[in-house]
Amino acid sequence: MTPFGEKVRELRRQKGVTQTEMAQALGVSGAYLSALEHGRRGRPTWQLLQRIIGYLNVIWDDAEELERLAELSHPKVSVATGGLRPDATALANRLAETIAILSETDVRTLLETLEEMASRAEKEQAARRRR
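Residues numbered from 1 in each chain as written. Predicted model: local features only at pLDDT ≥ 70, side-chain atom pairs only at ≥ 80, totals over all residues. Heavy atoms only, no water.

K.L.:
An account of a positive patch on the surface is requested, with residue identities and associated values reported.
P.N.:
Judged by side-chain charge, R128, R129, R130 and R131 come together as a positively charged surface patch. Checked against the element boundaries, R129 lands in helix 7 (residues 104–130). Taking relative accessible area as the criterion, R129 reaches 62% and is therefore assigned exposed. (Patch = residues over 30% accessible without salt bridge, like charges linked within 9 Å, V, L, I, M, F, W, Y side chains within 5 Å. Areas by Shrake-Rupley, 256 points an atom, 1.4 Å probe, with all protein chains shown as cover. Salt bridge = Lys/Arg side-chain N within 4 Å of Asp/Glu carboxyl O. Lys, Arg positive; Asp, Glu negative; His and termini not counted. Charge placed at Lys NZ, Arg CZ, Asp CG, Glu CD. Helix = DSSP H or I, 4+ residues; strand = E, 2+ residues; numbered from the N terminus. Buried < 20%, exposed > 50% of the residue type's maximum accessible area, 1.4 Å probe, protein only.)

Right, here's the structure in full:
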């Protein structure tokens, strides 16, 4: 399941509707909505995302969160490391090799650590641009 699929499922259940009901209202098949929720389909189109937001009647913050999660939820990721240091390529390959066997706790820990590092690096990059 992707972060987007998990959030859509949560919001759909809070609304008290089935996948079939929601799929019919959105004009997609139940199988497609199921695959989207379970992460077997890639990100929805912008148009479908807007229909989902409208159907679930979410407010601004939740709508932005769904858009952000959709961007983070492509189930088949490729990482281009050409031109980067060898350790960056090793990191990408090692993650690809082992992500399926890592525990939920280990994945969460890695993600939190990476988010902290990325935030720090983005702030440093922005500061360098201002100089």
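Still to come is the rest of the account.
K.L.:
Residue-level account of the nonpolar core, with values.
P.N.:
Counting residues in each nonpolar core, the largest one holds 20 residues, and the members touching the most others are F4, M22, I52, L56, V58 and L66. With five residues, the top contributor of residues to this core is helix 4 (residues 46–56). (Core = buried A, V, L, I, M, F, W, Y, C linked by side-chain atoms within 4.5 Å.)

K.L.:
If you had to explain the pattern of salt bridges to someone new, which residues and values would you point to?
P.N.:
On inspection of all chains with the given rule, the structure shows seven salt bridges. E37 is the salt-bridge partner of R9, the closest N and O atoms lying 3.2 Å from each other. Here R9, found in helix 1 (residues 3–15), pairs with E37, found in helix 3 (residues 30–38); they are 28 residues apart in sequence, far enough to count as distant. We note that R9, like E37, is buried. Put simply, E65 and R68 hold a salt bridge, and the shortest N to O gap is 3.2 Å. Of this pair, E65 and R68 both sit in helix 5 (residues 60–71), three residues apart, roughly one helical turn. Judged by its relative accessible area of 27%, E65 is partly exposed. Bridged by salt links that share partners, the residues R9, R12 and E37 form one connected network.

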